[in-house]
Amino acid sequence: MKKYFLLTLLFSLVSFSQTKESLQKATTKFNQAIFLMDFEDIKSLTYPKVYEAMGETAFLEKLDQDFQNSEYRMRLQLEKVPFIFSEMKTINNVTFCVIK
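Structure report, in brief. Please read these numbers as outputs of a predicted model, since none were measured by experiment. (Residues numbered from 1 in each chain as written. Predicted model: local features only at pLDDT ≥ 70, side-chain atom pairs only at ≥ 80, totals over all residues. Heavy atoms only, no water.)

1. A few points about the overall build of the protein
- Across its full length, the protein holds five helices and two strands.
- The burial tally for the protein puts 28% of its 100 residues in the buried class.
- Residue pairs in contact within the protein that sit at least 24 positions apart in sequence constitute 53% of those at least 6 positions apart.
- For the protein, the computed accessible surface area is about 7,100 Å², with 56% contributed by carbon and sulfur atoms. (Helix = DSSP H or I, 4+ residues; strand = E, 2+ residues; numbered from the N terminus. Buried < 20%, exposed > 50% of the residue type's maximum accessible area, 1.4 Å probe, protein only. Contact = heavy atoms within 4.5 Å. Areas by Shrake-Rupley, 256 points an atom, 1.4 Å probe, with all protein chains shown as cover.)

Here you go:
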């Protein structure tokens, strides 16, 4: 499940952010939406191609099922995570930043 979260985070933040500062703001906003389990915000911050194949409703239901079920609960423990951002690098006209 951690892999799913990181993949979603990667796609959403790469698509919306252009500078390191905007990337940091987007990361904080996305983390806050996940901490509060605000699935609509998570969807709005996720790169559309991530959920288009399964549909918006199915994506929201999957998030709800992953975060709130009787077998296990995916829940962040820290409201403010100390993210570490690498320098922005451009490779073949595509900009990347690694977030730890």
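2. Some points on the nonpolar core
- If you look at the biggest cluster of nonpolar residues, it comprises 12 residues: Phe30, Ala33, Ile34, Phe39, Ile42, Leu45, Tyr51, Phe59, Leu60, Leu63, Phe67 and Met74.
- Broken down by element, the residue count for this core peaks at four residues, all from helix H5 (residues 56-67). (Core = buried A, V, L, I, M, F, W, Y, C linked by side-chain atoms within 4.5 Å.)

3. A short note on unusual backbone geometry
- In this structure, asparagine 92 is a non-glycine residue whose phi angle is positive, near 55°.
- Position of asparagine 92 among the secondary structure elements: in the loop between strand E1 (89-91) and strand E2 (94-96).
- Although it is not a glycine, asparagine 93 adopts a positive phi angle of roughly 65°.
- Position of asparagine 93 relative to the elements: it lies in the loop between E1 and E2.

4. A word on a nonpolar patch on the surface
- There is a patch of nonpolar side chains on the surface, built from Ile91, Val94 and Phe96 and spanning about 260 Å² of accessible area.
- Within the secondary structure, phenylalanine 96 sits in strand E2. (Patch = residues over 30% accessible without salt bridge, like charges linked within 9 Å, V, L, I, M, F, W, Y side chains within 5 Å. Salt bridge = Lys/Arg side-chain N within 4 Å of Asp/Glu carboxyl O.)

5. Description of H5
- With 12 residues, H5 should reach 16 Å at 1.5 Å per residue; the first-to-last C-alpha distance of 17 Å fits that figure.
- By the burial criterion, the buried members of H5 are Phe59, Leu60, Leu63, Asp66 and Phe67. The buried residues of H5 occupy an angular sector of 125° when the element is viewed end-on, so they sit on one face. Exposed side of H5, more than 90 degrees from the buried face: Thr57 and Glu61 are the residues found there. (Expected span 1.5 Å × (residues − 1). Arc of directions from axis to C-beta.)

6. Remarks on the packing of aromatic side chains
- Within the structure shown, the criterion is met by three aromatic pairs.
- Taking 5.4 Å as the distance between ring centres and 55° as the angle between the ring planes, the aromatic pair formed by phenylalanine 39 and phenylalanine 67 counts as tilted. Here phenylalanine 39, found in helix H3 (residues 39-45), pairs with phenylalanine 67, found in helix H5; they are 28 residues apart in sequence, far enough to count as distant.
- Judged by its relative accessible area of 13%, phenylalanine 39 falls in the buried class.
- For phenylalanine 67, a relative accessible area of 3% puts it in the buried group.
- Both rings, one in phenylalanine 83 and one in phenylalanine 85, keep their centres 6.4 Å apart while their planes meet at 55°; by these two values the pair is tilted. (Phe/Tyr/Trp six-rings, centres within 6.5 Å; stacked < 30°, edge-to-face > 60°.)

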